[in-house]
Amino acid sequence: MALLKVAPSAADCHPRWMGANALEYRAIQAFYGQRRARRSGIPYLHHIDEGLWVLRALGASEQAQRAYCLHPLVQDVDKRAAAWAQALATGADLMSPPVEGVSDNPRVLALALNYQETANAALSHRPDLKGPGDIALSMEPAVNDMLRADKVQNYKDFIRHHRGTHPRSAELERYFQAWLARLEVSPEQVTRWHAALDHLSR
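Quick summary incoming for the structure in this document.

Rules and cut-offs
Residues numbered from 1 in each chain as written. Predicted model: local features only at pLDDT ≥ 70, side-chain atom pairs only at ≥ 80, totals over all residues. Heavy atoms only, no water. Core = buried A, V, L, I, M, F, W, Y, C linked by side-chain atoms within 4.5 Å. Buried < 20%, exposed > 50% of the residue type's maximum accessible area, 1.4 Å probe, protein only. Helix = DSSP H or I, 4+ residues; strand = E, 2+ residues; numbered from the N terminus. Contact = heavy atoms within 4.5 Å. Axes fitted to C-alpha atoms, helices over the stretch in contact; angles between N-to-C directions. Parallel < 35°, antiparallel > 145°, perpendicular 65-115°, else oblique. Left-handed = near helix turned anticlockwise from the far one by under 90°. Nonpolar A, V, L, I, M, F, W, Y, C, P; charged D, E, K, R; others polar. Phe/Tyr/Trp six-rings, centres within 6.5 Å; stacked < 30°, edge-to-face > 60°. Lys NZ or Arg CZ within 6 Å of the ring centre and 35° of its normal. Salt bridge = Lys/Arg side-chain N within 4 Å of Asp/Glu carboxyl O. Expected span 1.5 Å × (residues − 1).

**Comments concerning the nonpolar core**
And then number 1: Judged by nonpolar contacts, the single largest core of 58 residues is most densely connected at Tyr25, Ile48, Leu70 and Trp84.
And then number 2: The set of elements that each furnish at least two residues to this core consists of α1 (23–32), α2 (45–58), α3 (62–75), α4 (78–90), α5 (106–120), α6 (141–161), α7 (169–182) and α8 (187–200).
And then number 3: Discounting chain neighbours no more than four positions away, the residues touching Ile48 are Tyr25, Ile28, Tyr32, Tyr68, Cys69, His71 and Pro72.

Laid out in structure tokens, this is it:
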């Protein structure tokens, strides 16, 4: 695992090689709008911005960053994921529905779909998910970087807003620990990244 490489300012949350004008970032901005999480009140877009920061720290590719922006669009929407997969399989024009305005890069869409498949195979409510050995990672290193960004950021919000108060707190703690261990993100690295992300939000 790479160590923290950069300490961007709050105004520089986006990786230098993927600007805020990227089509995928604008797509998730439009999707989330001003919506906020019910329990914490945090804007949903916060997850994307902080996850992008982690991807930048990892030195992840531009395609991984762009695909990360799209993962909420397909993670819980099987119909949309199927439509994207069909568009890729048939070589459809990406400037037309169902992917119009989402991405113009088939590799980015493929990474987002691979992320959905990998992440959804090991959700927190899976009854046989007992530890890291029960989680299968992607064959795509870029997708595993996306998963690192997702779990590090979500775990930060869990610690700050839900640990000890959420009805499934103990179960979720085990879930995050299993994923982070499987992704080879050490507790020390998690602590460093969380501190850096807290600094960004001040």
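**Points about the packing of α4 against α5**
Geometry of a packed helix pair, given as the angle between the helix axes and the separation of the axes.
And then number 1: Where α4 contacts α5, the axes come no closer than 10 Å and their chain directions differ by 140 degrees. Considering the angle they form, α4 stands oblique to α5. In this structure, α4 meets α5 at a crossing whose hand is left-handed. Each of Asp78, Ala81, Trp84, Ala85 and Leu88 in α4 lies in contact with α5, whose residues at this interface are Pro106, Leu109, Ala110, Ala112, Leu113 and Gln116.
And then number 2: For the contact of α4 with α5, the residue count by class is nine nonpolar, one polar and one charged.

**Quick word on the packing of aromatic side chains**
And then number 1: Enumeration according to the criterion identifies six aromatic pairs in this entry.
And then number 2: Note on Tyr175 and Phe176: the rings are 5.3 Å apart at their centroids and 65 degrees apart in plane angle, and the pair reads as edge-to-face.
And then number 3: Residue class for Tyr175 comes out buried when judged on its relative accessible area of 10%.
And then number 4: Assessed through its relative accessible area of 7%, Phe176 is described here as buried.
And then number 5: Following the ring pairs from residue to residue traces out a cluster consisting of Tyr155, Phe158, Tyr175 and Phe176.
And then number 6: The side chain of Arg35 reaches across the aromatic face of Phe31, ending 5.1 Å from its centre.

**A short note on unusual backbone geometry**
Glycine aside, the phi torsion of most residues is negative, and most peptide linkages are trans.
And then number 1: The omega angle of the peptide bond from Pro97 to Pro98 is 10 degrees, so this bond is cis rather than trans.
And then number 2: Among the structural elements, Pro98 can be located in the loop between α4 and α5.
And then number 3: Residues other than glycine seldom take positive phi values, yet Glu184 does so here, at roughly 60 degrees.
And then number 4: Assignment of secondary structure puts Glu184 in the loop between α7 and α8.

**Points about the pattern of salt bridges**
And then number 1: Within this structure, the stated rule accounts for eleven salt bridges.
And then number 2: Across the pair Asp145 and Arg148 runs a salt bridge whose closest N-O atoms are separated by 3.0 Å. Of the two residues, Asp145 and Arg148 both sit in helix α6, three residues apart, roughly one turn of that helix.
And then number 3: You can call Arg148 buried: its relative accessible area is 11%.
And then number 4: Ionic pairing is found between Lys156 and Asp198, a salt bridge with its closest N-O pair at 3.8 Å.

**Structural notes on the side chain of Asp150**
And then number 1: Position of Asp150 among the secondary structure elements: in helix α6.
And then number 2: Classification of Asp150 as buried rests on a relative accessible area of 3%.
And then number 3: Those residues in contact with Asp150, other than ones at most four positions away along the chain, are His47, Tyr68, His71 and Tyr115.

**What to know about α7**
And then number 1: Relative to the 20 Å expected for 14 residues at 1.5 Å per residue, α7 spans 20 Å between its end C-alpha atoms, a close match to the ideal helical length.
And then number 2: Looking at α7, one finds that the buried residues are Ser169, Leu172, Tyr175, Phe176, Ala178, Trp179 and Leu180.
And then number 3: As for α7, its buried residues are in contact with α5, α6 and α8.
And then number 4: Following α7 by one or two positions, Glu184 adopts a phi angle in the positive range, close to 60 degrees.

**A closer look at α2**
And then number 1: Across its 14 residues, α2 extends 20 Å between first and last C-alpha, which sits within 8% of the 20 Å expected from 1.5 Å per residue.
And then number 2: With respect to burial, α2 is a largely interior element, 13 of its 14 residues being buried.
And then number 3: Two residues or fewer after α2 comes Gly59, characterised by a positive phi angle close to 75 degrees.

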